[in-house]
2 protein chains.
Amino acid sequence: MASMIFTDTSSSSTSRLLTLTRFCNGVVSRRRYIGPLHVAPLKPNLPPTLCLSCRPSSRFITAAMATEPSAKVIDGKEVAKQIREEISAEVSKLKDAIGVVPGLAVILVGDRKDSATYVRNKKKACESVGITSFEVHLPEDASEQEVLKYISDFNDDPSVHGILVQLPLPSHMNEQTILNAVTIEKDVDGFHPLNIGRLAMRGRDPLFVPCTPKGCIELLHRYGVEIKGKRAVVIGRSNIVGMPAALLLQREDATVSIVHSRTKNPEEITRQADIIISAVGQPNMVRGSWIKPGAVIIDVGINPVEDASSPRGYRLVGDVCFEEACKIAAAVTPVPGGVGPMTIAMLLSNTLSSAKRAHNFQ
Amino acid sequence: MASMIFTDTSSSSTSRLLTLTRFCNGVVSRRRYIGPLHVAPLKPNLPPTLCLSCRPSSRFITAAMATEPSAKVIDGKEVAKQIREEISAEVSKLKDAIGVVPGLAVILVGDRKDSATYVRNKKKACESVGITSFEVHLPEDASEQEVLKYISDFNDDPSVHGILVQLPLPSHMNEQTILNAVTIEKDVDGFHPLNIGRLAMRGRDPLFVPCTPKGCIELLHRYGVEIKGKRAVVIGRSNIVGMPAALLLQREDATVSIVHSRTKNPEEITRQADIIISAVGQPNMVRGSWIKPGAVIIDVGINPVEDASSPRGYRLVGDVCFEEACKIAAAVTPVPGGVGPMTIAMLLSNTLSSAKRAHNFQ
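Residues numbered from 1 in each chain as written. Chains lettered and ligands numbered in written order. Predicted model: local features only at pLDDT ≥ 70, side-chain atom pairs only at ≥ 80, totals over all residues. Heavy atoms only, no water.

Draft legend 1. Focus on the pattern of salt bridges. A complete count under the given rule lists 30 salt bridges over all chains for this structure. Between R262(A) and D253(B) there is a salt bridge; the shortest N-O distance is 3.9 Å. Here R262(A), found in the loop between β8 (255-259) and α11 (266-270), pairs with D253(B), found in the loop between α10 (242-251) and β8 (255-259), and the two come from separate chains. Take D253(B): its relative accessible area is 15%, and that puts it in the buried class. For R287(B), the salt bridge goes to E324(B), with nearest N and O atoms at 2.4 Å. On the criterion of sequence distance, the pair formed by R287(B) in the loop between β9 (275-278) and β10 (296-299) and E324(B) in helix α12 (residues 322-328) is long-range, its members being 37 residues apart. Via salt bridges that share partners, E86(A), E218(A) and R222(A) belong to a single interconnected network. (Salt bridge = Lys/Arg side-chain N within 4 Å of Asp/Glu carboxyl O. Helix = DSSP H or I, 4+ residues; strand = E, 2+ residues; numbered from the N terminus. Buried < 20%, exposed > 50% of the residue type's maximum accessible area, 1.4 Å probe, protein only.)

Draft legend 2. Up close: the relation of the copies chain A and chain B. By a simple turn and slide, chain A fits onto chain B: the slide is 0.0 Å along the axis, the RMSD is 0.0 Å, and the turn is 180°. Taken together, the rotation and translation describe the operation of a two-fold axis. Considering only C-alpha atoms, the residue of chain A closest to the rotation axis is G197(A), which sits at 1.8 Å. With an isologous cut-off of 70% or more, the 100% of interface residues of chain A that recur at the interface of chain B puts this contact in the isologous class. (Least-squares fit on C-alpha atoms with pLDDT ≥ 70 in both. Contact = heavy atoms within 4.5 Å.)

Draft legend 3. Highlighting helix α4 (residues 76-98) of chain B. Residues and elements named next belong to chain B. Along its 23 residues, α4 runs 32 Å from first to last C-alpha, staying within 8% of the 33 Å computed at 1.5 Å per residue. Close packing links the buried residues of α4 with α5 (113-129), α9 (211-222) and α13 (340-358). If you check the start of α4, you find a side-chain oxygen 3.2 Å away from the backbone N of K77, and it comes from D75. Following α4 by one or two positions, G99 has its phi on the positive side, about 70°. (Expected span 1.5 Å × (residues − 1). Polar contact = N/O pair within 3.5 Å; in protein donor to acceptor, adjacent residues only side chain to side chain.)

Draft legend 4. Here's a closer look at the pairing of strand β4 (residues 103-109) of chain B. Residue and element names in this part refer to chain B. Within β4, seven of the seven residues are buried, leaving the element largely enclosed by the surrounding structure. Alternating residues of β4 divide into G103, A105, I107 and V109 and L104, V106 and L108, and every residue in both groups is buried. One crossover worth recording links β4 to the parallel strand β5 (residues 132-138) by way of α5, and it is right-handed. (Right-handed = clockwise from strand over helix to strand, strands pointing away.)

Given below as structure tokens:
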């Protein structure tokens, strides 16, 4: 399956998602947000609970037949805002208690405009919650050794709790060598094989969970979606989203199947899922016929499609056909405004966790 | 799901499988080995090819209705023998070319008879292929520090290429601390989280693949079973078999689902699989009704069931009801004589690989 053109699922470039979200606000605001059929509020500030098992599928089939949208739209933007507020409060608490301010260092090499925007947005996000951001900007022709020297300095710097190297790096640099140089204690992206191994193993815990999959699960949690015992299908098996998302779902006792480019009957398998996480970068690939009535859908894809009515000539859509999903699913994330805003929120969360761990602060 | 009483899926105790295999040889020899319906020999010394896609399921349904066994029995004992011969030849080649002899160190603590037997069997297996075995036997009341000291010495010893700590350890020792002390370059069990992480990630390669799952995949390869694009179900999600087996199948482009104790409809999901790997420790749990006609079944379970006709009062069966599977599947491993003998063969294979890697020998 093709990789997503605009999707930015590593926290090394999460600000791209924010940029796109901002750009497409108009699209989101035109959607009809319709409440779920059976919901029970958990807390005043949280979205209502969605209980998969108590939703008879016939109600959804009926809803689908009437071609009226019935799915709850999972508002990632709102959840991310709430999480940032929680992080902000925790950062203050940490500072007040022991005088420690979490710090995130970002290393940018070269003059790519998009990369510069992402780094700027990360800086803003850090500032908004009280996390100190450190930035190193090296010229395009910087040597690998220079980058490694900065990583080494940040590894040793106790005021830095997370290190990100903005990707892509110039072609003369070995990405794996550079990423491997980041100490695992500050690998807030969570992509280090040791973290992934711990994520896969029962009885072990990773130091960091990769930001986008963590954001997907957090959305399910915040919307009260039961995961234990449910059938889950993850579409896509990338190292940064699909694979860790599947591992996370399994840790929560879902029965997980991973659908990928070599899967012969993806529609049939996906239709069995109570929970679908799609991260492949194929616009509108998951149609209504792929969806089990009452399923919950987390759409990680962010794909541009031509749209003459948009000032930029395109609009963004997910991997899932939103309009069709709305008629069949119990809940679905929009694109943009779904998973996108969660990734940077999880990056901030990982940086905070790292600072707390470094100072043994509960 | 309950853990297997007698199953020994870490190479730290592989010899248990060998012992049981020997004990039950009589059972194996009484089985009818029936050739597959459509097979084409690959090499004179290899078992014939099984092609899942060219086997119309109707033939299997017909076979099942006739209640005549039709499945090919996958002879793990024979394959393991062949692999040991290959390893023996490779060991000789390595010695002749650069004078290096692979070495495996086993640390045994305490006086458990079963553990002593396993260690002795590993030693024998090493000797049979020309691998040098090193053995340390410490008393039950040895300190953790003593064990760590030996591990440290073996880590530094260039004549040792693999280190195993025989489990279980006495209760006063922290198993994780001790296992983590084995350097990853000599972790021939392949259970280090860094190895598991690399196994999970596309574009990365583990230094070692855990022995039992590696043995399962090797059986599929040696019997020419196509994995790419097939539906695979792994029953059980243990760190040492189920989880790494699922990762291995996914690396080979199968569409993998993991069924476990929280799965609500294991029978229905398993029936969709072209390839089943079962590792749960429930005697005869997988019945004929769980099996898709023409599926290939790898049964890792080794479970004792009462049998008054046996001199010991019990016999060993797998997770899969062998008799029913024979009528429906295209191929199935027996218990014993299936996966069991493969585990120790893979341990020898990992030790050889480690020696070759240490000396950059192709």
